[in-house]
Amino acid sequence: MAGMSLPASASAPASNNPACVINCVHYDDQGKRHDISLDAISDVIASGNGFVWVGLFDPNDDVLLKLQEEFCLHDLAIEDARNAHQRPKAEAYGNSLFVVMTTAQMVDERIQYGETHAFLGPRFLVTVRHGASLSYAPVRARVEREPQLLKMGASYCMYAVADFVVDNYLPITTRFRDTLDLLEKDIFAETYKRSTVTRLYELKRELNKMRMAVAPLQDVLAQLRRYQGELIPDEVKLYVRDVHDHAARISDVIDTLREMLGTALSVNLSLVTLAQGETVKRLGAWAALLAAPTLITSWYGMNFSHMPELNQPWSYPLMIVGVAAVCVGLYRLFKRAKWL
C-alpha cells in the first residue's frame, strides 16, 4: 500500500549485483525510483508497494535461476530466455506473461538483429536483452519523468519498451528510402554498373529480413491488446494499440520499399537489355557496311584469266564508285532505321 515503509533490505545498495544486471529498480506507489539488489526483490514484492523492474543483458544461468526463484517464473520461460534464438511471441504462464520481441539497429551500415525477452507479472517486469539491442536507459528516463503513469504498474513499462523497440525500426526504413532515392540516378544511367544491382539486391534482402521481424511483432502486440487478464489494464491497452498501429505502419513502409526495389531491379534489367540490343544493332549495321565492299572486292582476288572488265581502262574507278554507292545506300538505310 502507498505510504508503507520498505523493508530494510530493500534499501540495500545494488553494487553487489552481477555485471549482466544493468538495472534493478523498485518503483513505489508514488512512482519514485529506488535502486535495490537482487536479494532484496522478494522483500520488496512482499511489501505490496509498487513494482520491480530488472534489466539484464546476456545474463548467465545463475542470474536467471535467481530471478526464477524471486518471481516464481516458469521453467519453460526461463529456458527460452536462456536461448537467444526465439521467434516473436507472447505466452502466458500462470499469473505472468513471457514476451519475445526482435530488435534491430544499424551497425557499420548493416542491420544487426537482437532479441528482448520480457517477463511481466503483477508487480514486476524483467527485460532480458540479447545481441544487438539498444539500452533501455532512455525508456527508463522517459517513464521516470511521468510518475503518474508509473502508477499503472509494470504493464506501462512493458508498453514503453515495446514502443521503443518498434520506433527503432523507423530510422532504418528512412535510411533505406534515402538510399533507394540515391540509387535511382544509377538505375537510369546510360552506363551499366554492376555495383548498382548488387546494392539493390542487398537492400531487398535486408528488407525481407526486417519484414520477418516486424510481421510477427504485429501479432505479439495484437495478442497483448486482446489479453483478458489483470496484468494489462484497459488504460494500458490503449497505449499498446498505439504501438500496434506504429508497427502496422512500419510493415506497410517495408512492403512498399520491397515493391519499389523489385521494380527497380526489373527496370535496371530492362534498361541493360535495351542497351545491349542497341549495341548489337550498331554492330550489325557496321558489319553489313563492311561486308558489302568485302564481298565485291573479294571477286577480284580470284586467280582467273578471263574476268569481266579486267581489260577496260575505267573498270577500277567504276568499281570504287559502285562500292561507295552501295556503302552510302546501306548507311542511309541503317540511319533511317536508327541502327546507327
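See the structure printed just above.
This write-up is about the structure you can find in this document.

Quick look at helix α2 (residues 61-71) now. Three or more residues of α2 are buried, namely Val63, Leu64, Leu67, Gln68, Glu70 and Phe71. The buried residues of α2 all sit within an arc of 165 degrees when viewed along its axis, so they share a single face. Residues of α2 that are exposed and angled more than 90 degrees away from the buried face: Asp62 and Glu69. Along its buried surface, α2 packs onto β1 (21-27), α1 (41-47), β3 (51-57), α3 (75-82) and β7 (124-131). Where α2 begins, the capping side chain belongs to Asn60, and its oxygen is found 3.2 Å from the backbone nitrogen of Asp62. Downstream of α2 by a residue or two, Cys72 has a phi angle that is positive, lying close to 60 degrees.

Quick look at the pattern of salt bridges now. Counted by the stated rule, this structure contains 13 salt bridges. Between Asp35 and Arg33 there is a salt bridge, and its shortest N-O distance comes to 3.0 Å. Overall, Arg33 belongs to the partly exposed group, its relative accessible area being 34%. Where Glu91 meets Lys89, a salt bridge forms, and the shortest distance between an N and an O atom there is 3.6 Å. A residue is classified by how much of its surface remains accessible, and Glu91, at 23% relative accessible area, is partly exposed. Residue Lys89 is classed as buried on the basis of its relative accessible area, which comes to 9%. Several salt bridges share partner residues, and in doing so they unite Arg33, Asp35 and Glu144 into one network.

Before going further, it helps to spend a moment on the packing of helix α7 (residues 169-187) against helix α9 (residues 234-299). Geometrically, a packed helix pair is captured by the angle between its two axes and the distance between the axes. With their axes 11 Å apart at the nearest point, α7 and α9 run at an angle of 15 degrees to one another. It follows from the interaxial angle that α7 and α9 lie roughly parallel. Considering only the axes of α7 and α9, their crossing is left-handed. Listed contacts from α9 to Tyr169, Leu170, Thr173, Phe176, Arg177, Leu180 and Ile187 of α7 are Ile250, Val253, Ile254, Leu257, Met260, Leu261, Ala264, Val267, Asn268 and Leu271. Residue classes in the contact of α7 with α9 are distributed as 14 nonpolar, 2 polar and 1 charged.

What counts and how
Residues numbered from 1 in each chain as written. Predicted model: local features only at pLDDT ≥ 70, side-chain atom pairs only at ≥ 80, totals over all residues. Heavy atoms only, no water. Buried < 20%, exposed > 50% of the residue type's maximum accessible area, 1.4 Å probe, protein only. Helix = DSSP H or I, 4+ residues; strand = E, 2+ residues; numbered from the N terminus. Arc of directions from axis to C-beta. Contact = heavy atoms within 4.5 Å. Polar contact = N/O pair within 3.5 Å; in protein donor to acceptor, adjacent residues only side chain to side chain. Salt bridge = Lys/Arg side-chain N within 4 Å of Asp/Glu carboxyl O. Axes fitted to C-alpha atoms, helices over the stretch in contact; angles between N-to-C directions. Parallel < 35°, antiparallel > 145°, perpendicular 65-115°, else oblique. Left-handed = near helix turned anticlockwise from the far one by under 90°. Nonpolar A, V, L, I, M, F, W, Y, C, P; charged D, E, K, R; others polar.

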